[in-house]
Amino acid sequence: MKKKPSPLKIIGIVLLCLVVLVLIAAVAGYIYLNSLLDMMDREEIVGDDSLSEEEVYEEEPTYDVPDSEEEIEDAWQDYEDVQDTEVLDKQNIENILLIGSDRLTKNQNGRADSMMILSINHDTGHIHLVSLMRAMYVNIHRKSGETWGMLNASYSWGGTALLIDTIERNFRVEIHHYVVVDFDSFENAIDLLGGVEVTLTRAEASYMSECIREEFYPGKQILNGQQARFYCQIRKIDSDFKRTSRQRTVILSLINKFSKSDVSQLTNLAKQLLPTVKTDLTNADVLRLLMEAPRLLKDPPQQRMLPIENENGSYTGMIYVNGREMYKVDFETNIKALHELLES
């Protein structure tokens with residue numbers, strides 16, 4: 001007569017089976033996640049250094065005024081004065097450049113219409129979101145030689161590499177990775193998540209009602225992808241500073257939606273959108289950030305805009321270069337403010 005196994009042995013066998021099943025599920029899940037992340041486009045965006053200013057800016061000069069020669073010389077000198085400033089590159093700080101592109105087809109690079117630094121301080125657990133005004137007058141090291149122009153022109157001339165190099169040189173901060181999303185994908189992401197919540201001002205609601213020909217009211221409401229895209233691009237009722245603020249509002253609302261979505265929603269979103277994302281983040285990088293997300297998202301991200309506004313909310317540093325209006329940057333002040341924020 002066979003001896004019956006002891007209860008402890010039975011429990012041990014059951015636990016071992018459970019551990020094996022959990023490990024199998026974990027491995028399968030890891031393989032599946034990697035297969036989804038493999039859908040992202042890792043091909044580098046190189047730009048075209050032969051493009052003329054008119055092709056880069058896609059418009060003729062609009063101001064029949066002389067160049068702001070004194071302010072231009074000041075900007076050049078201010079830039080030279082900060083080149084000895086140490087580049088902020090600390091092990092605990094990870095900076096990811098988010099680029100919103102207006103490319104019209106898959107084979108076009110488009111322009112960097114929206115640029116933000118998503119900075120993660122892994123020591124403090126804080127996230128910072130810094131908008132970069134596309135029309136800032138900056139130094140650009142093109143293949144054809146050093147020049148000056150709008151920040152987003154560097155993307156058209158040299159792709160992500162030149163844009164990152166331009167930000168690092170002018171603002172003395174290391175950019176570790178980039179993510180490029182075109183606006184059509186941006187719209188789709190919002191629609192797949194059921195829209196984003198924003199709070200419209202009276203002026204915003206009135207302007208959107210007039211342009212989109214739908215009824216909008218001041219206060220909180222849900223915008224679909226197309227409406228949110230229009231909201232992000234509004235500038236005529238106020239300024240580019242408010243425009244970038246609206247962009248951050250939508251990004252933060254989108255992040256909030258992500259954090260509250262179930263696995264089914266996120267899987268569907270990943271399948272449809274990841275093929276349209278261009279990035280140099282590896283699968284391991286993304287998985288690492290996903291694991292850390294609950295800790296990083298416990299507090300709202302701190303926000304900043306460059307160049308820094310004047311105390312009254314206006315900007316008095318506008319200059320004119322070749323018939324185009326640009327933002328003159330006080331490099332020392334902006335670098336100091338940026339470094340202090342990212343280290344907090």
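Not measured: the values here are computed from a predicted model.

## Here's the deal with the overall build of the protein
Scanning the protein from terminus to terminus reveals eleven helices and twelve strands. Intrachain contacts of the protein at a sequence separation of at least 6 include 72% that bridge at least 24 residues. With the model as given, the accessible surface of the protein reaches about 18,500 Å², and the carbon-plus-sulfur share is 54%.

## Structural notes on unusual backbone geometry
A cis amide bond, omega 0°, links Leu 306 with the succeeding residue Pro 307. Along the chain, Pro 307 turns up in the loop between strand 10 (302–306) and strand 11 (318–321). The residue Arg 213 is not glycine, and still its phi comes out positive at about 65°. Considering the arrangement of structural elements, one finds Arg 213 in the loop between helix 6 (202–212) and strand 8 (219–223).

## Some words on the environment of Leu 273
Within the secondary structure, Leu 273 sits in helix 9 (residues 263–273). We classify Leu 273 as buried; its relative accessible area is 11%. Separated by 84 residues in the primary sequence, Leu 273 and Ala 189 place their C-alpha atoms 7.0 Å from one another. Apart from residues no more than four positions distant in its own chain, Leu 273 is found in contact with Ser 185, Asn 188, Ala 189 and Leu 192.

## Topic: the environment of Arg 42
Along the chain, the position of Arg 42 falls in the loop between helix 1 (7–37) and helix 2 (53–57). Taking relative accessible area as the criterion, Arg 42 reaches 34% and is therefore assigned partly exposed. Beyond its immediate stretch of four places on either side in the chain, Arg 42 contacts Leu 37, Thr 279, Leu 281, Thr 282 and Asn 283. In this structure the side chain of Arg 42 is engaged in a polar contact, spanning 3.0 Å, whose partner is the backbone oxygen of Leu 37. Polar contacts involving the side chain of Arg 42 include one to the main-chain carbonyl oxygen of Leu 281, which spans 2.7 Å.

## Here's the deal with helix 11 (residues 331–342)
Along an α-helix, residues three or four apart share an orientation, since each turn contains 3.6 residues. The end-to-end C-alpha distance of helix 11 is 16 Å, a good match for the 16 Å that twelve residues give at a rise of 1.5 Å each. Every buried residue belonging to helix 11 is among Phe 331, Asn 334, Ile 335, Ala 337, Leu 338, His 339, Leu 341 and Leu 342, and all of these are buried.

## What about the nonpolar core?
Counting 51 residues, the largest nonpolar core has Leu 97, Leu 132, Met 136, Leu 163 and Ile 167 as its most contacted members. Per-element accounting of this core gives the leading share, eight residues, to helix 4 (residues 153–171). Other than its neighbours up to four places away in sequence, Leu 132 contacts Leu 97, Met 115, Ile 117, Leu 151, Ile 167 and Leu 306. The next biggest cluster of nonpolar side chains, apart from the first, holds 41 residues, and it includes Ile 234, Leu 254, Leu 274 and Leu 281.

## Things to note about the confidence of the model for the protein
Looking at the protein, pLDDT values average 87 and 87% of them are 70 or higher. Confidence, expressed as mean pLDDT per element, reaches its minimum in the protein at helix 1 with 65 and its maximum at strand 4 (residues 137–142) with 97.

## Things to note about the side chain of Glu 204
As for its placement among the helices and strands, Glu 204 is situated in helix 6. Glu 204 sits in the buried class, given a relative accessible area of 6%. If we skip the residues at most four places from it in the chain, Glu 204 touches Thr 199, Tyr 231, Ile 237 and Arg 246.

## Section: the side chain of Ser 154
For Ser 154, the location among the structural elements is in helix 4. Within the structure, Ser 154 has its side chain in polar contact with the backbone oxygen of Leu 151 (distance 2.6 Å).

## Comments concerning helix 3 (residues 69–81)
The end-to-end C-alpha separation of helix 3 is 18 Å, in line with the 18 Å expected for 13 residues at 1.5 Å each. For helix 3, the full list of buried residues reads Ile 72, Ala 75 and Tyr 79. The buried residues of helix 3 occupy an angular sector of 55° when the element is viewed end-on, so they sit on one face. Of the residues in helix 3, the exposed ones pointing more than 90 degrees away from the buried face are Glu 69, Glu 70 and Glu 73. Of the surrounding secondary structure, the elements contacted by the buried residues of helix 3 are strand 4, strand 5 (145–150), helix 4, strand 11 and helix 11.

## Things to note about the pairing of strand 6 (residues 177–182)
Most of strand 6 sits out of view: five of its six residues are buried. In the sheet, strand 1 (residues 93–101) pairs with strand 6 via six bridges, with the strands oriented parallel. Note on strand 6: the bridge partner recorded for Leu 98 is Val 179.

## A word on the packing of helix 7 (residues 225–233) against helix 8 (residues 240–259)
Helix-helix packing is characterised by the crossing angle of the two axes and by the distance between the axes. Two elements in contact, helix 7 and helix 8, have axes whose closest approach is 7 Å; the angle formed by their N-to-C orientations is 145°. For the pair helix 7 and helix 8, the contacting residues are Ala 228, Tyr 231, Cys 232 and Gln 233 in the first and Arg 243, Arg 246, Gln 247, Thr 249 and Val 250 in the second. Per-class residue counts for the contact of helix 7 with helix 8 are four nonpolar, three polar and two charged.

Conventions adopted
Residues numbered from 1 in each chain as written. Predicted model: local features only at pLDDT ≥ 70, side-chain atom pairs only at ≥ 80, totals over all residues. Heavy atoms only, no water. Helix = DSSP H or I, 4+ residues; strand = E, 2+ residues; numbered from the N terminus. Contact = heavy atoms within 4.5 Å. Areas by Shrake-Rupley, 256 points an atom, 1.4 Å probe, with all protein chains shown as cover. Buried < 20%, exposed > 50% of the residue type's maximum accessible area, 1.4 Å probe, protein only. Polar contact = N/O pair within 3.5 Å; in protein donor to acceptor, adjacent residues only side chain to side chain. Expected span 1.5 Å × (residues − 1). Core = buried A, V, L, I, M, F, W, Y, C linked by side-chain atoms within 4.5 Å. pLDDT = per-residue confidence, 0-100. Arc of directions from axis to C-beta. Pairing = 2+ DSSP bridges. Axes fitted to C-alpha atoms, helices over the stretch in contact; angles between N-to-C directions. Nonpolar A, V, L, I, M, F, W, Y, C, P; charged D, E, K, R; others polar.

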